[in-house]
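Coordinate analysis (summary)
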Amino acid sequence: MDGRRRNPYQLTDESPVYVISIAAQLSGLHPQTLRQYDRLGLVSPDRTAGRGRRYSARDIELLRTVQQLSQDEGINLAGIKRIIELENQVAALQQRVAELSAAVDGAAVAMQQREAQVHASYRRDLVPYQDVQHSGALVVWRPKRPKG
């Protein structure tokens, strides 16, 4: 979520509102097919206190996808289950990448701010070092001898 409290009565794509008969009509499938998909773990709707199934709009879209993969693409239910698992894993990884990218961006901003603070704290009476051109001249250094 984005930090704000969401209205508990606001419907989203994940809101479980459809009973099995309505979900079957909306997806174009038989209610027994929905029960089978639930048993196989392909589409797992929420449950009421009385154990009745409640489907969300996202569940119905997934039911349509399962049917399309099965009928049009000829993929068996085990293959469809694996595809769904992999798609869920990809979505979770993309979310994690987005979270880590945001954390890296935040750390970069904090580092730039800290670097600016360090540069602002430099003493102004120091002179930056400048490299001297090297010549072929030989310089001899002799330590001072104690007088005595």
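One can find the structure itself at the top, above this paragraph.
Let us look at the structure shown here.

Calculation notes
Residues take numbers from 1 onward in each chain, read along the sequence in its written order. Totals for whole chains, interfaces and linings use all residues, but because this is a predicted model, local features are given only for residues with pLDDT of at least 70 and pairs of side-chain atoms are given and counted only at 80 or more. Side-chain descriptors were evaluated using all non-hydrogen atoms of the structure, hydrogens and water having been removed beforehand. For the purposes of this entry, the term helix denotes a DSSP run of H or I that reaches at least four residues, the term strand denotes a run of E that reaches at least two, and both are numbered from the N terminus. Between N or O atoms, a polar contact is any pair within 3.5 Å; within protein, one atom must be a potential hydrogen donor and the other a potential acceptor, and residues adjacent in sequence are included only when both atoms are from side chains. When checking whether two residues touch, look at their non-hydrogen atoms; a contact exists if any pair is within 4.5 Å. Whether a set of points on the 1 Å grid over the protein atoms alone is a cavity depends on a 1.4 Å probe fitting there but being unable to get out, while an open set qualifies as a pocket with protein on both sides within 12 Å along at least five of seven lines; lining residues are those with an atom within 4 Å of a point. Grid points are joined across faces, edges and corners, and a volume is the space filled by probe spheres set on the points. Charged means Asp, Glu, Lys or Arg here, nonpolar means Ala, Val, Leu, Ile, Met, Phe, Trp, Tyr, Cys or Pro, and polar covers whatever is left, Gly included.

1. Focus on the side chain of serine 27
- Tracing the chain through its elements places serine 27 in helix H1 (residues 20–27).
- For serine 27, the side chain forms a polar contact with the main-chain oxygen of alanine 24, separated by 3.3 Å.
- In contact with serine 27, not counting residues within four places along its chain, are Leu34, Ile60, Leu63 and Arg64.

2. Quick notes on the environment of aspartate 46
- In this fold, aspartate 46 is placed in strand S1 (residues 46–47).
- For the pair formed by aspartate 46 and glutamate 99, sequence separation is 53 residues and the distance between their alpha carbons is 27 Å.
- Contact partners of aspartate 46, with chain neighbours within four places excluded, come to Pro16, Gly52, Arg53 and Arg54.

3. Looking at the layout of surface pockets
- In this structure, the largest pocket occupies an estimated 150 Å³ of space.
- In terms of lining, the largest pocket is formed by Ala57, Arg58, Glu61, Leu62, Thr65 and Asn88.
- Looking at the lining of the largest pocket element by element, the count peaks at five residues for helix H3 (residues 57–71).
- A class-by-class count of the residues in the lining of the largest pocket yields two nonpolar, two polar and two charged.

Just geometry here; none of it tells us what the structure is for.
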